[in-house]
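These are the residues of each chain, in order.
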Amino acid sequence: MPQDPSLVAIAATARWRARIVAAAASAGITLTDPLAGVPGIRVLACTPGDLAVIVPRLGGEPSRAAIGAHSDSIADRELRDAVADVAALLSLHGNVVLDLDAGRRPPPRPDVVVSAGVDRPQWTEPAVTLPVGTGRRGGPLTVALSAGPGFEGTLLELARLVEADAA
């Protein structure tokens, strides 16, 4: 996670990272790498608003994803509400959102998962951690979106929707 909680953090595979960096460079946007030198971690950070410029430059149509949300299992009420709000927002934009906390066995396998932003996201798959507000104590509220293989473009498009709503 970037040191500045107001930044958008993007975890990406090497191939996807190269496409994002090229798209940003073509728009004159400089991305930072707050975890440079940490083995096995590939992360980029950009300022709010940059996704709206970068995403269209990536080309291709985003895939329609099945979206899963973890919110009931989050102990912190403000964070739980933030995750639920992001899931509801994505649903309003025509996406199907599955409740991963509903107790079904086995749980459905979504293409994109909405969960709480954490200090160390699961770097094994593409992920975006977004600031979505401030808690009652003044700390940042962050939500993470992570995607399965082939849904990297969708992931950034969904993150762009969330970022635009938070602005």
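See the structure printed just above.
In this report, the structure presented in the accompanying data block is examined. The structure presented is a predicted model; accordingly, all values stated were derived computationally and were not measured.

**Overview of the overall build of the chain**
At step 1: Summing up its helical and strand segments, the chain has 4 helices and 7 strands in all.
At step 2: Moving toward the C terminus, one meets the helices and strands of the chain in the order β-α-β-α-β-α-β-β-β-β-α.
At step 3: In the chain, which comprises 167 residues, the proportion classed as buried is 44%.
At step 4: A separation threshold of at least 6 residues defines the contact pool for the chain, and within that pool the share at least 24 residues apart is 75%.
At step 5: For the chain, the computed accessible surface area is about 8,600 Å², with 52% contributed by carbon and sulfur atoms.

**Considerations on the sheet that holds strand β1 (residues 8-11)**
At step 1: Strand order in the open sheet formed by 7 strands is β2-β1-β6-β7-β5-β3-β4, with mixed pairing between adjacent strands. Of all the strands in the sheet, just β2 (43-46) and β4 (96-99) have a single pairing partner and so form its edges. Across this sheet, the average inter-strand angle for adjacent strands is 25 degrees, counted without regard to direction.
At step 2: Here 3 bridges tie β1 to strand β6 (residues 127-134), and the two strands are oriented antiparallel to one another. Each bridged residue has a counterpart across the sheet, and for A11 the counterpart in β6 is A127.

**Notes on the nonpolar core**
At step 1: Judged by nonpolar contacts, the single largest core of 42 residues is most densely connected at I10, I20, V114, L145 and L156.
At step 2: In this structure, this core is formed jointly by two domains, domain 1 (1-55) and domain 2 (67-166), each of which donates at least three residues.
At step 3: Beyond its immediate stretch of four places on either side in the chain, I20 contacts I10, A12, L31, L44, I54, L58 and L156.

**What about the packing of helix α1 (residues 14-26) against helix α4 (residues 152-166)?**
At step 1: Relative orientation of the contacting elements α1 and α4 amounts to 50 degrees, with a least axis distance of 11 Å. Judged by the angle between their axes, α1 and α4 are oblique. The handedness of the crossing between α1 and α4 comes out as right-handed. Residues R15, W16 and I20 of α1 lie in contact with α4, whose contacting residues are E152, G153 and L156.
At step 2: Each residue belonging to the contact of α1 with α4 can be placed in one class, and the counts come to 3 nonpolar, 1 polar and 2 charged.

The rules behind each value
Along each chain, residue indices are assigned from 1 in the same order as the chain's sequence is written. At least 70 in pLDDT is required for a residue's local features to be given in this predicted model, at least 80 for side-chain atom pairs to be given and counted, and no such filter applies to totals for whole chains, interfaces and linings, which use all residues. The basis for every side-chain value is the complete set of heavy atoms in the structure, and neither hydrogens nor water enter the calculation. The helix count covers DSSP runs of H or I at least four residues long, the strand count covers runs of E at least two residues long, and both are numbered beginning at the N terminus. Any residue under 20% of the maximum accessible area for its type is buried, any over 50% is exposed, and the rest in between are partly exposed; the area is computed with a 1.4 Å probe on protein chains only. Two residues form a contact once any of their heavy atoms are found within 4.5 Å. Computed with the Shrake-Rupley method and a 1.4 Å probe, the accessible areas treat only the protein chains shown as cover for residues. Think of it this way: DSSP has to see at least two bridges between two strands before they count as a pair. Lines fitted to the C-alpha atoms define the axes, with helices restricted to the stretch that makes contact. Angles between their N-to-C directions range from 0 to 180 degrees. For the purposes of this section, nonpolar cores are sets of buried Ala, Val, Leu, Ile, Met, Phe, Trp, Tyr and Cys residues that join through side-chain atoms within 4.5 Å. As annotated, the domain borders come from an automatic or database domain assignment. If an angle is under 35 degrees, it is roughly parallel; if it is over 145, roughly antiparallel; if it lies from 65 to 115, roughly perpendicular; otherwise it is oblique. It is the rotation of the near helix from the far one that decides the hand of a crossing: anticlockwise by less than a right angle makes it left-handed, clockwise makes it right-handed. Note that Gly is not counted as nonpolar here; it falls among the polar residues with everything else outside the nonpolar set of Ala, Val, Leu, Ile, Met, Phe, Trp, Tyr, Cys and Pro and the charged set of Asp, Glu, Lys and Arg.

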